[in-house]
Amino acid sequence: MAANEVDVYANEEKRTLELGGHVGFDSLPDQLVSKSVAQGFCFNILCVGETGIGKSTLMNTLFNTTFENEEASHYEQEVKLRSQTYELQESNVNLKLTIVHTVGFGDQINKEESFKPITDYIDEQFENFLEEELKIKRSLWNYHDSRIHVCLYFIAPNGHSLKSLDLVTMKKLDSKVNIIPVIAKADSISRTDLDKLKIKIMSELVSNGVQIYQFPTEDEAIAEINSSMNTLLPFAVVGSTEDIKVGNKMVKARLYPWGSVQVENESHCDFVKLREMLLRVNMEDLREQTHAHHYELYRRCKLEEMGFKDKGPDSQPFSLQETYETKRKEFFIELQHKEESMRQMFVNKVKETEAELKEKEKELHERFEQLKRMHQEEKKNLEEKRRELEEEMNAFNRRKVAAETLMGQALQGCSQQPFKKDKDKKKLFMFFFCHIFSFFFSPLS
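To start, this report covers the structure provided alongside it.

This part is about the sheet that holds strand 8 (residues 249-256). Across the sheet, 3 strands lie side by side as 7-8-9; this open sheet has antiparallel pairing. Since the sheet does not close on itself, it has two edges, and those belong to strand 7 (243-246) and strand 9 (259-262), each with one partner. Sheet twist, expressed as the mean angle between neighbouring strand axes with direction ignored, is 70°. By the bridge criterion, 4 bridges tie strand 7 to strand 8 in an arrangement that is antiparallel. Looking at the pairing, Lys245 lines up with Met250 of strand 8.

Structure below.
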């Protein structure tokens, strides 16, 4: 068939025909419902908020059950994500629910990277689904889809606006997940302050370009209620699993000395509106938006990064094999460049190390020569001093011998010639003593 004939058929208007009787394809919606119910559904919720803000309590209240969850402390060194999956059944519909909590969010002194574990987790779920999609033998019908369908961002009621951490985190998440902001523990502030806080939060989100999830208004059946709910964002919620008797009936509420706050009373909080919008009206749209918008954006960027395109350079149909071969060659060329660069770097490092070792060796040799010269000079000085000492000792010994000889002669002369008086003896003794003293202590020659 020629190309112009294809264009003619493509541009031909569709004709509407009336059936002459019952055919049967009007049962398609019933078939889809039966198949979907038999297969079951999955829904994944990400709860982002500070520790102790009431994330777990709100989840228990939303699904009217008690989920197992460890109590987190305020002393976590980093933000961690804790994922738990549950099988829920209501009537004949099975739901695989996954709740992901951010443990330690906002507890660190340095909060610059607090959002990174959250974005990494969302990207990891997209990556897992993409890998399953690209498998040769894939089984998406029974694959556990762990992609996050909605992010409930819990905002603290204390304060007059959003924190910098809230703005930065929501800005990083808005292109990856459907964000629904909620004001937690809304019973801790007055109604007037709550209305002002809502207006301030939405103003800051708009001025900072944060895109939050807007309930769809295309479907006429839910357009009116979704339009009205879009004006109530962010929802002010209160969670409680305690049943308290109010009047003649038991309701879920929080009891205070001044009264009670009923969770399902729309004049007290927006819990009913949140549950209606999240679970009863827009759950399927949240799942569809995750797949058709957020995951599709991630998939497109990932494939473009890998080098895949819809059309070639000459606008011809895209060839997967050619792209694969091209990327393979580019990879090997890049690998060779990296290998050569690493080899050259290694050679340069070896040369630098050799030069440093030679320089160190030269310094050590110079130091050794210097110490050697110092040792020789000290040795020479010691030899000089030893020689002088030996000469002094010899001279001293000679004088000692002479003195002893002189003393002997004097004593011999005294013994042969008797002294007439003691006075003469003393004079003679002093004469010999002075002579010997001067002999010993005069400078040695």
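For the rest of this paragraph, the subject is the pattern of salt bridges. What the rule picks out here adds up to 22 salt bridges. Between Lys96 and Glu87 there is a salt bridge, with the nearest N and O atoms lying 3.9 Å from each other. Note on Glu87: relative accessible area 60%, which makes it exposed. Between Glu132 and Lys135 there is a salt bridge, with its nearest N and O atoms 3.1 Å apart. On the accessibility criterion, Glu132 (9% relative accessible area) is buried.

Attention now moves to helix 7 (residues 220-230). For helix 7, the set of buried residues is Ala223, Asn226, Met229 and Asn230. Axial view of helix 7: buried residues confined to an arc of 140°, hence all on one face. Looking at the buried side of helix 7, the elements it contacts are strand 6 (235-236) and helix 8 (271-281). If you check the start of helix 7, you find a side-chain oxygen 3.1 Å away from the backbone N of Ala221, and it comes from Asp219.

With that settled, the discussion passes to the sheet that holds strand 5 (residues 179-183). Strands sit in the order 2-3-1-4-5-6 across an open sheet of 6 strands; the sheet is mixed. Two strands bound the open sheet, and with one partner strand each, they are strand 2 (80-90) and strand 6. Contacts between helix 4 (residues 116-133) and the sheet are confined to strand 1 (41-48), strand 2 and strand 3 (93-103), with strand 2 contributing the most and set at about 50° to the helix.

Under the criterion given, the structure shown has 10 aromatic pairs. Between Phe129 and Tyr295, the ring centres sit 5.1 Å apart and the planes meet at 85°, which makes this aromatic pair edge-to-face. Here the residue Phe129 occupies a position in helix 4, and Tyr295 occupies one in helix 9 (residues 283-306), the gap between them amounting to 166 residues. Overall, the relative accessible area of 0% leaves Tyr295 in the buried class. On the basis of an interplanar angle of 70° and a centroid distance of 5.9 Å, the ring pair of Phe331 and Phe332 is categorised as edge-to-face. A relative accessible area of 39% places Phe332 in the partly exposed class. Of note, Arg147 hangs over the ring of Phe129, and the distance from its end group to the ring centre comes to 3.7 Å. Stacked on the ring of Tyr295, the Lys or Arg Arg147 has its end atom at 4.8 Å from the ring centre.

Reading guide: rules and limits
Residues numbered from 1 in each chain as written. Predicted model: local features only at pLDDT ≥ 70, side-chain atom pairs only at ≥ 80, totals over all residues. Heavy atoms only, no water. Pairing = 2+ DSSP bridges. Helix = DSSP H or I, 4+ residues; strand = E, 2+ residues; numbered from the N terminus. Axes fitted to C-alpha atoms, helices over the stretch in contact; angles between N-to-C directions. Salt bridge = Lys/Arg side-chain N within 4 Å of Asp/Glu carboxyl O. Buried < 20%, exposed > 50% of the residue type's maximum accessible area, 1.4 Å probe, protein only. Arc of directions from axis to C-beta. Contact = heavy atoms within 4.5 Å. Polar contact = N/O pair within 3.5 Å; in protein donor to acceptor, adjacent residues only side chain to side chain. Phe/Tyr/Trp six-rings, centres within 6.5 Å; stacked < 30°, edge-to-face > 60°. Lys NZ or Arg CZ within 6 Å of the ring centre and 35° of its normal.

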